[in-house]
Amino acid sequence: MKILVLNSGSSTQKSALFELGPQLSPDPIPPLWEGKLEWDGNKETLVVKNSAGKKIRTDGELGAGDRTGSVEKLLQHLWTGPTAIVKTATEVNAIGHRIVHGGAKLTEPTRVTTEVRQAIADVASIAPLHNQVGLQGIDLATKLFPNTPQFVVFDTGFHRTLPDEAKIYAGPYSWYEQGIRRYGFHGINHEYCAHRAAQLLGRELPSLKIVTCHLGNGCSLAAIDGGKSIDTTMGFTPLEGLVMGTRGGSMDPGILVHLLRTGSSADGLDNILNRQSGLLGVSGLSSDMRDIVQAMKNGNEKAKLAFDIFIHRLCSCIAAMAASLQGLDVLVFTAGIGENSSEVRSAACARLGFLGISLNQGKNAGVRSDTEISLGDSRVRVLVIRAQEDWSIAQTCIRLLAKET
Ligand code: ADP
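Now for a description of the structure that goes with this document. Not measured: the values here are computed from a predicted model. (Residues numbered from 1 in each chain as written. Predicted model: local features only at pLDDT ≥ 70, side-chain atom pairs only at ≥ 80, totals over all residues. Heavy atoms only, no water.)

## Things to note about the overall build of the chain
Just so we agree on the cut-off: In this text, helices come from DSSP runs of H or I with a minimum length of four residues, and strands from runs of E with a minimum of two, each type numbered from the N-terminal end. Radius of gyration here is computed from C-alpha atoms only, and the compact-globule reference equals 2.2 Å multiplied by the residue count raised to the power 0.38. Note on contacts: a residue pair qualifies if any of its non-hydrogen atoms lie within 4.5 Å across the two residues. Here, Shrake-Rupley sampling with a 1.4 Å probe gives the accessible areas, and only protein chains in the shown set may cover a residue. Residues scored as charged are limited to Lys and Arg (positive) and Asp and Glu (negative), so that His and the chain ends carry no count. Charge placement uses NZ in Lys and CZ in Arg. For Asp and Glu, CG and CD serve respectively.
When its secondary structure is counted, the chain shows 15 helices and 14 strands. Here the C-alpha radius of gyration of the chain, 21 Å, is about what a compact globule of 405 residues would show, namely 22 Å. Based on the C-alpha atoms only, the size of the chain along its principal axes is roughly 55 × 55 × 50 Å. Summarising the internal contacts of the chain: among those between residues at least 6 apart in sequence, 65% fall at separations of at least 24. Looking at the chain as shown, the accessible area adds up to about 18,400 Å², and 51% of this sits on carbon and sulfur atoms. Computing the positive centroid from 41 side-chain charges and the negative centroid from 40, the chain places the two 3 Å apart.

Written as structure tokens, this is what we have:
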């Protein structure tokens, strides 16, 4: 089976083609073909590679509003040019889409139908940056692969098991009735990491209390009890919780009221909260943890402050997740920062010794993904696990296809 995954982000479009057998595989396998578009303002970078080592990269300009045109060109590299991996589009057996927000109704992965498409559009007002691009991906796939089944997997879905006390904000109860509640995000990877952690440790998932730290451009934690998400740091939108590259995470909402009363507009605040805060906002330098760590090592005080705030919030929230779990067996670091920044892992774990966490500094410094980095006598096992969202979505497609036949 050839499964195409479209992972549509606000400033990136990732896509991957997997060849999978009908059985679910216990270990992730690399894709046959990968394509990525990245936009920085109007500057567009395209990178496509196949498993035979063919790779192309082009830099260009995004035509006004023409993201769909760019994504169509990207997908044509599946069957044309040096990176071609199939003869025609009809060779693709199924397409899986990552959709950020499923709202209250869409939680389980499902086949795309007119009703499902409409339900995704209906929650787009909550996550406008993300759901619109997901819908564009569905519409483009319908045009290029008219007879191929499409499935959607929701980033909010894994958190459908949050208990009421973790899900409902302590505002007026009518908010909850209007859908204003905590949803949580990054669920595809949090769920995958919990399963992978149990597999790597040779333990049964139902017996484990796990905190997964998804630290990428966006950052969130999940408290996972016996395989179920019972608490998480992101909420109604992906703005709540941890400090991130350009988002500041939780803040006193009184600040926003104050700024609105003193001349800021809703759009202006939206821009500040989503694009001008977090590591970038504090350091004035960069949203990329690599730049922050480098500048900190070179004596830049603002970079050090941004790093310290990031770690302070991360540790407070890990402890909060452990409190929700009433215990902790496994701590997982995943995604760009979690997998690559030994400095972040080391600084966080140094403060969390009281929870029973002892890091093996040697292993932490030289880590490869999907390994344990805690000392043999650490009560809490600490793991680094590579995020595999696309592979997880492809596996879900196989599972849903099998159910349909
Ligand atoms: P996304 O959330 O967009 O999927 P990633 O999970 O790829 O992003 O994470 C991207 C972030 O990972 C970058 O912004 C950068 O801060 C961080 N990162 C990547 N490599 C390293 C590294 N070697 N050291 C520290 N941070 C890194």
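## Regarding the site of the ligand
We count it as follows: Near is defined per residue: the residue qualifies when any heavy atom it owns lies within 4 Å of the molecule or strand. Pairs of N or O atoms are called polar contacts if they sit within 3.5 Å, as long as, within protein, a hydrogen donor faces a hydrogen acceptor (for residues adjacent in sequence, only side-chain-to-side-chain pairs). As a working rule, the residues Ala, Val, Leu, Ile, Met, Phe, Trp, Tyr, Cys and Pro are called nonpolar, Asp, Glu, Lys and Arg charged, and the rest polar, with Gly in that last group.
As a matter of local geometry, the ligand sits amid Lys-14, Gly-216, Asn-217, Gly-218, Asp-288, Met-289, Arg-290, Ala-335, Gly-336, Ile-337, Asn-340 and Ser-341. Taking Lys-14, its side chain carries an N or O atom lying 3.3 Å from an oxygen atom of the ligand. Contact distances for the ligand include 2.8 Å between an oxygen atom and a side-chain N or O atom of Asn-217. Protein burial of the ligand: of its 570 Å² of free accessible surface, 71% is covered by the chains. Elements represented by at least two residues in the shell around the ligand include exactly helix H10 (289-297) and helix H12 (335-340). With four residues, the top contributor of residues to the shell around the ligand is H12. The class makeup of the residues in the shell around the ligand is three nonpolar, six polar and three charged.

## Overview of the packing of aromatic side chains
To keep things clear, this is the line we draw: Between rings of Phe, Tyr and Trp, where Trp is taken as its six-membered ring, a pair exists when centres lie within 6.5 Å; planes separated by under 30 degrees are stacked, by over 60 edge-to-face, and by other angles tilted. Remark: exposure states derive from per-residue accessible area (1.4 Å probe, protein chains only) relative to the maximum for the residue type, with buried under 20%, exposed over 50%, and partly exposed in between.
On inspection of all chains with the given rule, the structure shows four aromatic pairs. Between Tyr-183 and Phe-236, the aromatic rings sit 6.3 Å apart at their centres with planes inclined by 35°, giving tilted as the arrangement. Residue Tyr-183 is found in the loop between helix H5 (173-177) and helix H6 (187-201), and its partner Phe-236 is found in the loop between strand S11 (228-232) and helix H7 (253-261); the two are separated by 53 residues along the sequence. Residue classification places Phe-236 among the partly exposed positions, given a relative accessible area of 25%.

## Let's talk about the side chain of Asp-155
Looking at where Asp-155 falls in the secondary structure, it is placed in the loop between strand S8 (150-154) and helix H4 (164-167). Under the relative-accessibility criterion, Asp-155 is labelled buried at 1%.

## Quick word on the layout of surface pockets
Heads up, the condition is: Cavity means a closed set of points on a 1 Å grid over the protein atoms alone, one where a 1.4 Å probe fits but cannot get out, pocket means an open set with protein on both sides within 12 Å along at least 5 of 7 lines, and lining means a residue has an atom within 4 Å of a point. Grid points are joined across faces, edges and corners, and a volume is the space filled by probe spheres set on the points.
Computed from the structure, the second largest pocket encloses a volume of approximately 650 Å³. Every residue lining the second largest pocket is counted, 27 residues in all, and those nearest its centre are Glu-191, His-195, Ser-392, Thr-396 and Arg-399. Elements with a contribution of two residues or more to the lining of the second largest pocket: S8, H6 and helix H15 (389-404). Per-element accounting of the lining of the second largest pocket gives the leading share, eight residues, to H15. Residues of the lining of the second largest pocket, tallied by class, amount to 12 nonpolar, nine polar and six charged.

## Focus on the state of the cysteines
Note the cut-off: Cysteine sulfurs are considered disulfide-paired once they come within 2.5 Å of each other.
Using the criterion set out here, one finds zero disulfides in the structure. Cys-213 takes part in no disulfide bond, and the closest cysteine sulfur, belonging to Cys-349, lies 8.1 Å away. On the accessibility criterion, Cys-213 (0% relative accessible area) is buried. No disulfide involves Cys-317; its sulfur sits 9.4 Å from the nearest other cysteine sulfur, which is in Cys-315. By relative accessible area, Cys-317 is classed as buried at 15%.

## Section: the packing of H7 against helix H8 (residues 266-275)
Note the following rule: To obtain each axis, a line is fitted to C-alpha atoms, and for helices this fit is confined to the stretch in contact; angles are then taken between N-to-C directions over 0 to 180 degrees. In this scheme, roughly parallel covers angles under 35 degrees and roughly antiparallel covers those over 145, while 65 to 115 is roughly perpendicular and the rest are oblique. By definition, any crossing whose near helix is turned counterclockwise from its far helix by less than a right angle is left-handed, and any crossing with a clockwise turn is right-handed.
Running from N to C, H7 and H8 cross one another at 140°; their axes reach a closest spacing of 10 Å. With respect to H8, the axis of H7 lies oblique. In the packing of H7 onto H8, the handedness of the crossing is right-handed. Counting all contacts with H7, which are made through Leu-256, Leu-259 and Leu-260, the residues of H8 involved are Ala-266, Leu-269 and Leu-273. When its residues are assigned to classes, the contact of H7 with H8 shows six nonpolar, no polar and no charged.

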